[in-house]
Amino acid sequence: DVFRLKQIIVGCALLICLSIYAIYAIDSFAVFAFALAVIGTACGIELSAAAVVIAKVYSERLRASMLLLTDSFYSIAGVASTLVAGMLLARQFHWSSAYLLAFIVTLGIIVIAVTGRYPATGRHLAEQPTSTASNYWPVSVHLVGFAMLVYLVGFVSIYSWVPNYAQEVLGADVEASSDIVSRMFLGMFIGQLIMFVLVLRLPLRPLIIVYSIMAASLTVALWTATTAAQLELAMLVLGLATGGLFKTILTYGTLQVRDPSPRMVSYLIFHAGLGTAITPFVSAFIVERRDMAAALQFATLCYFLTLLLVIAAQWLHSRRQATQAAGAGSQND
């Protein structure tokens, strides 16, 4: 509401570049930890800014596809950064060179932001007489936000505990347990591409329901698998079913009002960050009190709760639309 999107993106990118340089130039663990905290905060803000840009620039029909496209780039970046970092470290470069690719990409973001145009937001949007931005948030927005939080709790619980579960319960070795987790992310990448095509051809609301049901049902196979091979296959199929689910739920949240404000988009993304943050504490508590299978069963519960929250949000949204249509009809009469 205070700064323009361009100012936010350039400012945060400069903070990231300065923090990466500090990691390289200052040989101190305290500086390293502080720099990572600054980078994480700036990246969180940049993530929200990117979602705001997509929500403002693209129509309802294309918004889901564009948000899914960012997930695909995220997956590609994860592969590229790992390969570059490993290559540099294998050639005896300084350990901080692992962040060199991030530094270069961030410089590119600054160039794009400085030379590009961004939609108006906050008080700057209010200056435009044609603005239709609304500060009213229906209850369905909060339900979608909570659905995103619960979904991330379940998702992080799965990839946090599956490796140990595979080793201790199913007898897999360390390398095999790592491969099991990588299968999930491979499936997610393919699933993102599939969802990218589907959201252009099918209505979003039933698509979310179908994928939520599939994801919740498939998590049962994680804690009922009797061999590492079965668990690996279950993770791959689960990745296919969940690859585009998170961003489609986020997209549906932005469709609850005609013109979503940057604050509302950031509010939705905040739930995702909060879910990721609290999961280690919640899942570790469950494992301490019960076992790792209980943590995976808890993930199943989270996925089914996500489904119920999405259904409730869609029901409230449909009822609100019907009420608005009835009101508009009575006014015309």
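From a predicted model like this one, the values you see are computed outputs, not experimental measurements.

Visitor: Sorry if this is basic, but what is going on with the overall build of the chain here?
Guide: On a plain count of helices and strands, the chain comes out with 13 helices and zero strands. Going residue by residue from the N terminus, the α and β elements of the chain occur as α-α-α-α-α-α-α-α-α-α-α-α-α. A compact globule built from 333 residues would reach a C-alpha radius of gyration of about 20 Å, and the chain, at 22 Å, matches this within 12%. A total of 333 residues make up the chain; the buried ones form 44% of that total.

Visitor: Where do I start with the pattern of salt bridges in this structure?
Guide: Side-chain pairs of opposite charge can arise where the charged atoms are in close proximity. Evaluated as defined, the whole model comprises one salt bridge. Between Arg 183 and Glu 232 there is a salt bridge whose closest N-O contact spans 2.9 Å. Of this pair, Arg 183 sits in helix H7 (residues 174–201) while Glu 232 sits in helix H10 (residues 228–242); the two residues are 49 residues apart in sequence, bridging distant segments of the chain.

Visitor: Which parts of the structure should I look at to understand the environment of Ala 22?
Guide: Looking at where Ala 22 falls in the secondary structure, it is placed in helix H1 (residues 5–25). In the structure, Ala 22 is positioned 74 residues away from Ser 96 in sequence and 9.8 Å away in space, judged by C-alpha atoms.

Visitor: What am I meant to see in the nonpolar core here?
Guide: Looking at soluble globular proteins, one finds that nonpolar side chains tend to be buried together. Counting residues in each nonpolar core, the largest one holds 76 residues, and the members touching the most others are Met 148, Phe 155, Ile 158, Val 162, Leu 222, Leu 231 and Met 235. Top contributing element to this core by residue count: helix H6 (residues 139–168), with 17 residues. Beyond its immediate stretch of four places on either side in the chain, Met 148 contacts Phe 246, Ile 249, Leu 250, Leu 268, Ile 269 and Ala 272. Grouped together as the second largest cluster of nonpolar side chains are eight residues, Cys 12, Ile 16, Ile 20 and Phe 32 included.

Visitor: Even after reading the chapter, I still don't get the confidence of the model for the chain, so can you show me in this structure?
Guide: Keep in mind that low pLDDT regions are not for reading the predicted coordinates in detail. Of all residues in the chain, 92% have pLDDT values of 70 or greater, and the mean over the chain is 85. Within the chain, the element-level pLDDT minimum falls on helix H5 (residues 122–126), averaging 56, and the maximum on H1, averaging 94. The low-confidence segment residues 129–133 (pLDDT under 50) makes four contacts with residues lying over four places distant or belonging to another chain.

Visitor: For this particular structure, what's the right way to read a nonpolar patch on the surface?
Guide: A cluster of nonpolar residues, Phe 146, Leu 305, Leu 308 and Ile 311, forms a patch on the protein surface that exposes about 350 Å² of accessible area. No other element matches helix H13 (residues 292–332), which puts three residues into the nonpolar patch. Along the chain, Leu 305 falls in helix H13.

What counts and how
- Residues numbered from 1 in each chain as written.
- Predicted model: local features only at pLDDT ≥ 70, side-chain atom pairs only at ≥ 80, totals over all residues.
- Heavy atoms only, no water.
- Helix = DSSP H or I, 4+ residues; strand = E, 2+ residues; numbered from the N terminus.
- Rg over C-alpha atoms; globule rule 2.2 N^0.38 Å.
- Buried < 20%, exposed > 50% of the residue type's maximum accessible area, 1.4 Å probe, protein only.
- Salt bridge = Lys/Arg side-chain N within 4 Å of Asp/Glu carboxyl O.
- Core = buried A, V, L, I, M, F, W, Y, C linked by side-chain atoms within 4.5 Å.
- Contact = heavy atoms within 4.5 Å.
- pLDDT = per-residue confidence, 0-100.
- Patch = residues over 30% accessible without salt bridge, like charges linked within 9 Å, V, L, I, M, F, W, Y side chains within 5 Å.
- Areas by Shrake-Rupley, 256 points an atom, 1.4 Å probe, with all protein chains shown as cover.

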